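The residues making up each chain are set out below.
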Amino acid sequence: MVAGVVVVAMLALAGVGLVLVRRPLPSHGGTATLLGLDAEVSVLRDARGVPTIEADTPADLFRAQGYVDAQDRFFLMDLRRHVASGRLAELVGGDERAIDSDKVVRTLGWRRVASAEWAQLDDTTREYLQAYADGVNAYLANRDMDSIAVEYTVLGTRIDLSTPEPWDPVDSLVWLKAMAWDLRANDRDELARVQVYAAVRDVAMTDQLFPRTAASPPIVGGDVEASATDPTIDLGPGAAEAARLADEALSMVPHLVGEGDGIGSNSWAVSGEHTASGAPILANDPHLDLSAPGVWSQVGLRCTTVGAACPFDVTGFSLAGFPGVIIGHNGSLAWGLTNMGADTSDFFLERLDTSAQTYLRDGEQIAIQSRTETIKVAGGEPIDLEVRSTVHGPIVSDVLDPLVGAPVEPGGFGSPAVALSWTGLEPGRTAEAVFAMDTATDAADVAAAAERFEVPAQNIVFATVDGHIGYQAPGRIPIRRVITDGPVPSDGSWPRPGWDSRYDWQGWVDPADLPAELDPPEGFIVAANQVVSGADEPFLTHDWDYGFRAARIRQVLTEQIAAGTPIDVASTQALQTDTRTALVDTLVPALLAAPVDDAFTRKAVDLLRGWDGQMTADSAAAAYVAAVWSALLADTFDDDLPESQWPDGGDRWYAVVEALLAEPDSRWWDDRTTVNVVESRDEVLSRALSQARLRLTVQLGKDPTAWQWGRLHRVALEHPVLGGGSAPWPITMLVDPTPVAVGGGSSIVDATAWDAASGSYDAVSGPSMRMVCDLSDWDASTWVDATGTSGHPGSRHYTDQLAAWVDGRQFAWPFGRDAVDSATRARLTLRPAR
């Protein structure tokens, strides 16, 4: 009887839950009225719910895009604007990490910058952003929270939520700031250098962990030569602690698109002389955080009559919360984006006086600027935050903790502080660039758009229907004066002395001087975050990706061209999912040469003999190499470095270990925790082989031939607010898809990166989407998203592309009117409100 009652109650609860989950799902068919429209707008959805929007005017087009984005992903949009505005605690309540995030973001002042940016944009861009906001708000009007997103229903059970505020155009701009923040380049490397140097007290050893080498030629022009660093480092007492606190504070900001060594992208374009069709092919797959819902929204935006009055006929990947298409193609041109990695930020060490109210600059004490920000907390009391700034930017080292314990310098200076200069803290015109790219038709248009694409600095690879392929570097890049007699190098690789104005930025690189290339002689362009140019000027950075992915892409393309094999969409898709690791060329020979005394370990080592280096999900050798790599990094470096700097195993560590393998008696091989013993390379390699064998025996079984990389290496997507066990298990089961086995890994073309320092092999980032554009026939192009187009966990389109993405498959990408009509499964007509 009791059991029966429990079953009935559970079924009733499940029924209620199903209703709540399905209640926010939007209608994709029929008609709806949309205030502000000038004429009817059609929204055509394909089998995966991807919309193509057709309108007579740009204002109607973007108004409808705002409406559709709100239909599919408003909670994600709302989360993004709350994070980017430093108002996360207003949405999720008094979570300590949310409050810390708000403190840091308010200190950075993204919302203040975005508001200033709005005032500087041209009238056309402001019109587009306002139309988009109007469309979002038209969808929200007269809807309660339960009808907008199930996340509000769940959050409302524990905190008192206010009805979502209307969308404001500045919300779109501040979301761009958050995206740009995640894609900034080397500032965390600056802080890492200080912390590594503080641990080892040796500049040469520090430099060994940040080598200036490259596995691939640059994107444009010449070879890359390794460069030396200045051995003079004198940051003064307390610098390492200030750097640690700054690093800790910045780590509190949620990653809305991703951060870390795994964040990058692959993009390449092949000239028609090497393709099966005789027209160019372009590929792109940005490597970002993997989550559910995913980063991107797929969309087509089409003017009924394309012309000067309504120039849009574009399709691709957008970012819900901002109008237009970020990556994709129009009728004349396809383009892809990869992170350029230019150094657009610097940390400045400021010498505060003992009262912490002034700071030293060229021998004078300058008053610190301050303002008070009030952080509202849902269900809690507001928190007042004092934000302090110097001429270099906001002080980030004491946002969470006061600077204590640093010795007072002669002359009366107290603890040092760390201020941040970042180009994204200056108002810019990146919003204008999005619409300029959407309508670009040739290299000149791309260059004009790039001049406004200020933050984040992205490589633009493009191809045109008239047969050209090209590359353009955009970005607002600071000019740094060369200083040879200062306490640190002046190239931006180390925090800069704020007390010496010679280290201040000297303006911006002229956009006309940034690297560009059109139709290179070799017939292809590869941009995978490697060095941009072999030229010394303009200076962009020393902290590039080390080029292992770029080298592999170039190798495969070169071999295909040399063999006379025409490149087509299918072969391009296959290259996007290539799983070969460079460790097979660098680490594996050293492992096979290392002494192994026991048969138990040798049976595992035998997996590596003749291995092709492919990190496929079913590979036993791949599982063993990953386990050895993790053990090797920990055994070599963890005893020397603070925990925050333990190796994550990404591309930098590939380069570090490759160089150290040639130095069998390097100090890095020695284990500082052992007494009266000095370990060498071969001892550490042998230990890693043995440790990995034991660990995998526990995890995967005694027989090494039965091991599989995919049993360790999974994509475990999590909802950014309700996922990962932060909510009761029925909610987690709803919002977090079942983990799936994948191949690939760090610094591999199929870049499902994992963190070797975390103790887990699960992917932390990866290809957030894949696309292949065939410029001979747009309708032969293909695309796939890592999850699906819907942000509603109850929708069938929440993860309906995940299985294809895991398998390396892509879907047809209709563009022509006939192809779009043929693919249509639902039609929504939006009508003006009368």
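Residues numbered from 1 in each chain as written. Predicted model: local features only at pLDDT ≥ 70, side-chain atom pairs only at ≥ 80, totals over all residues. Heavy atoms only, no water.

Caption draft 1: Region of interest: the overall build of the chain. Looking only at helices and strands, the chain features 24 helices and 30 strands. The globule rule puts the C-alpha radius of gyration for 834 residues at 28 Å, and the 27 Å found for the chain is close to it. Projected onto the principal axes, the alpha-carbon positions of the chain cover approximately 85 × 75 × 65 Å. A total of 834 residues make up the chain; the buried ones form 62% of that total. Partitioning the contacts of the chain with sequence separation of at least 6, the portion at a separation of at least 24 is 73%. With 62 positive and 117 negative side-chain charges, the chain shows a separation of 5 Å between the mean positions of the two kinds. (Helix = DSSP H or I, 4+ residues; strand = E, 2+ residues; numbered from the N terminus. Rg over C-alpha atoms; globule rule 2.2 N^0.38 Å. Buried < 20%, exposed > 50% of the residue type's maximum accessible area, 1.4 Å probe, protein only. Contact = heavy atoms within 4.5 Å. Lys, Arg positive; Asp, Glu negative; His and termini not counted. Charge placed at Lys NZ, Arg CZ, Asp CG, Glu CD.)

Caption draft 2: A look at the state of the cysteines. Going through the model one piece at a time under the given rule, you end up with one disulfide. Across the disulfide from Cys303 sits Cys310; the S-S distance is 2.0 Å. Its S-S torsion of approximately -75° makes the covalent link between Cys303 and Cys310 left-handed. Unpaired in this structure, Cys773 has its nearest cysteine sulfur neighbour in Cys303, at a distance of 20 Å. (Disulfide = S-S within 2.5 Å.)

Caption draft 3: Structural context of helix α20 (residues 681-700). In this model α20 runs 28 Å from its N-terminal to its C-terminal C-alpha over 20 residues, within 8% of the 28 Å that 1.5 Å per residue would give. Among the residues of α20, those classed as buried are Arg681, Val684, Leu685, Ser686, Ala688, Leu689, Ala692, Arg693, Leu696 and Leu700. If you follow the buried residues of α20, they end up packed against α16 (583-593), α17 (599-605), α18 (620-637) and α21 (709-712). Just beyond α20, the residue with positive phi is Gly701, at close to 115°. (Expected span 1.5 Å × (residues − 1).)

Caption draft 4: The arrangement of the packing of helix α2 (residues 58-84) against helix α6 (residues 123-140) in detail. At a minimum axis separation of 6 Å, α2 and α6 run at an interaxial angle of 50°. If you check the angle between α2 and α6, you find them oblique. Viewed along their axes, α2 and α6 form a crossing whose handedness is right-handed. Along its contact with α2, which presents Pro58, Ala59, Phe62, Arg63, Gln65, Gly66, Tyr67, Asp69, Ala70, Gln71, Phe74 and Met77, the element α6 presents Glu127, Tyr128, Ala131, Tyr132, Asp134, Gly135, Val136, Ala138, Tyr139 and Leu140. Split into classes, the residues belonging to the contact of α2 with α6 amount to 14 nonpolar, four polar and four charged. (Axes fitted to C-alpha atoms, helices over the stretch in contact; angles between N-to-C directions. Parallel < 35°, antiparallel > 145°, perpendicular 65-115°, else oblique. Left-handed = near helix turned anticlockwise from the far one by under 90°. Nonpolar A, V, L, I, M, F, W, Y, C, P; charged D, E, K, R; others polar.)

Caption draft 5: Main features of the sheet that holds strand β17 (residues 458-464). Read across the open sheet, the eleven strands follow the order β1-β30-β2-β3-β6-β7-β8-β9-β17-β18-β22; overall the sheet is mixed. Strands at the two margins of the open sheet, each flanked by one partner only, are β1 (30-34) and β22 (516-518). Going across the sheet, the axis of each strand differs from the next one's by a mean of 15°, ignoring polarity. In the sheet, strand β2 (residues 41-45) pairs with strand β30 (residues 826-832) via five bridges, with the strands oriented antiparallel. Residue pairing in the sheet places Leu44 in a bridge with Arg827 of β30. Helix α13 (residues 443-452) contacts β9 (333-339), β17, β18 (469-472) and β22 of the sheet and is inclined by roughly 160° relative to β17. (Pairing = 2+ DSSP bridges.)

Caption draft 6: The pattern of salt bridges, seen in detail. The final tally for this structure, using the stated rule, is 44 salt bridges. The closest approach of N and O atoms between Glu54 and Arg817, which form a salt bridge, is 3.7 Å. Separated by 763 residues along the polypeptide, Glu54 in strand β3 (residues 51-55) and Arg817 in helix α24 (residues 817-823) bring together distant segments of the chain. We classify Glu54 as buried; its relative accessible area is 17%. On the basis of relative accessible area, Arg817 is assigned to the partly exposed category, the value being 37%. Between Asp346 and Arg480 there is a salt bridge, with the nearest N and O atoms lying 2.8 Å from each other. Residue Asp346 is located in strand β10 (residues 345-353), and its partner Arg480 is located in strand β19 (residues 478-480); the two are separated by 134 residues in the primary sequence. Accessibility classification places Asp346 together with Arg480 in one group, the buried group. (Salt bridge = Lys/Arg side-chain N within 4 Å of Asp/Glu carboxyl O.)

Caption draft 7: Region of the structure containing the side chain of Asp72. Turning to its location among the elements, Asp72 is positioned in helix α2. There is a polar contact of 2.9 Å between the side chain of Asp72 and the side chain of Arg45. Here Asp72 is in contact with Pro26, His28, Arg45, Thr789, Ser790, Gly791 and His792, once residues within four sequence places are set aside. (Polar contact = N/O pair within 3.5 Å; in protein donor to acceptor, adjacent residues only side chain to side chain.)

Caption draft 8: Quick look at the nonpolar core. Trp110 and Leu830 are the most contacted members of the largest nonpolar core, which has 176 residues in total. With 13 residues, the single largest contributor to this core is α2. When near neighbours in sequence (up to four residues on either side) are disregarded, Leu830 contacts Ala32, Leu34, Leu37, Ala39, Glu40, Val41, Val43, Ala64 and Tyr67. Listed in part, the 61 residues of the second largest apolar core include Val196, Ala590, Ala622 and Tyr761. (Core = buried A, V, L, I, M, F, W, Y, C linked by side-chain atoms within 4.5 Å.)

Caption draft 9: Structural context of the packing of helix α12 (residues 430-438) against α13. It is the contact of α12 with α13, at a shortest axis distance of 7 Å, that shows an interaxial angle of 165°. Considering their axes alone, α12 and α13 lie roughly antiparallel with respect to each other. The handedness of the crossing between α12 and α13 comes out as left-handed. From α12, Thr430, Glu432, Ala433, Ala436 and Met437 reach across to α13, where they touch Val446, Ala449 and Arg452. Residue composition of the contact of α12 with α13, by class: five nonpolar, one polar and two charged.

Caption draft 10: Focus on unusual backbone geometry. At the junction of Ala292 and Pro293, the peptide bond is cis and its omega measures out at 0° in the coordinates. Relative to the helices and strands, Pro293 resides in the loop between β5 (281-289) and β6 (297-303). At the junction of Val455 and Pro456, the peptide bond is cis and its omega measures out at 0° in the coordinates. Here Pro456 shows up in the loop between α13 and β17. In the Ramachandran plot, Ser747 falls in the positive-phi region, its phi being about 55° despite a non-glycine side chain. With respect to the element layout, Ser747 can be found in the loop between β25 (740-741) and β26 (765-767). Judged by its relative accessible area of 12%, Ser747 falls in the buried class.

Function-wise, these values are silent; they only describe arrangement.
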